[in-house]
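# A structural walkthrough
Listed below, chain by chain, are the residues.
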Amino acid sequence: CEYAPDDPWIHSQLAYSYHDLQMPAEEIKEYETLLRLNYDDKDILFKLGVLYFQQGLNAKGLKVYEELKRSHYKKAESLIKYYGSS
């Protein structure tokens, strides 16, 4: 990550690793970085929304949900199922 901080592949691998290690706070940071690098990637935004809801960050999760609804993202409705899942 230090040698290529703007490489999305590195951040996605870190996110997967943090997921496997059950380190959600770090996983969220990596997905936030990925979203900053790929601001129009709705799949990344969806994954981040799921994590927000799972960690009890409902306000952030609802913002993601609203953004996905506005963009007519096909999985937006399935995101709201995670609301209150923490």
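Located above this text is the structure these notes cover.
These lines cover the structure that appears in this document, whether it is placed above or below.

Definitions and cut-offs
- Throughout, residues of each chain are indexed from 1 in the direction in which the sequence is written.
- Given that this is a predicted model, residues contribute local features only at a pLDDT of at least 70 and side-chain atom pairs are listed and counted only at 80 or more, while totals for whole chains, interfaces and linings are drawn from all residues.
- Here the side-chain values reflect all heavy atoms present in the structure, with hydrogen atoms and water set aside.
- Definitions used for this entry: grid spacing 1 Å over protein atoms alone; cavity, a set of points where a 1.4 Å probe fits but cannot get out; pocket, an open set with protein on both sides within 12 Å along at least 5 of 7 lines; lining residue, one with an atom within 4 Å of a point.
- Grid points are joined across faces, edges and corners, and a volume is the space filled by probe spheres set on the points.
- Helix and strand assignments come from DSSP, with helices taken as H or I runs of at least 4 residues and strands as E runs of at least 2, each series counted from the N terminus.
- In this classification, Asp, Glu, Lys and Arg are treated as charged, Ala, Val, Leu, Ile, Met, Phe, Trp, Tyr, Cys and Pro as nonpolar, and every other residue, Gly included, as polar.
- Accessibility here uses a 1.4 Å probe with only protein chains present; expressed as a share of the type maximum, an area under 20% marks a residue as buried, one over 50% as exposed, and anything in between as partly exposed.
- Two residues qualify as a contact provided that any one of their heavy atoms is within 4.5 Å of a heavy atom in the partner residue.

### Observations concerning the layout of surface pockets
- Here the largest pocket defines a volume of roughly 170 Å³.
- In terms of lining, the largest pocket is formed by 13 residues, of which the most central are His19, Glu27, Tyr31, Leu51 and Gln54.
- Elements with a contribution of two residues or more to the lining of the largest pocket: α1 (8–20), α2 (24–37) and α3 (42–54).
- Looking at the lining of the largest pocket, the element that brings in the most residues is α3, giving 4 residues.
- Of the residues that constitute the lining of the largest pocket, the class distribution is 7 nonpolar, 4 polar and 2 charged.

### Some details on the environment of Leu79
- Checked against the element boundaries, Leu79 lands in helix α5 (residues 76–79).
- By relative accessible area, which is 0% here, Leu79 ends up buried.
- C-alpha of Leu79 to C-alpha of Glu2: the two residues are 77 residues apart in sequence and 33 Å apart in space.
- Once residues within four sequence positions are removed from consideration, Leu79 is found in contact with Phe46, Gly49, Val50, Phe53, Gly61, Val64, Tyr65 and Leu68.

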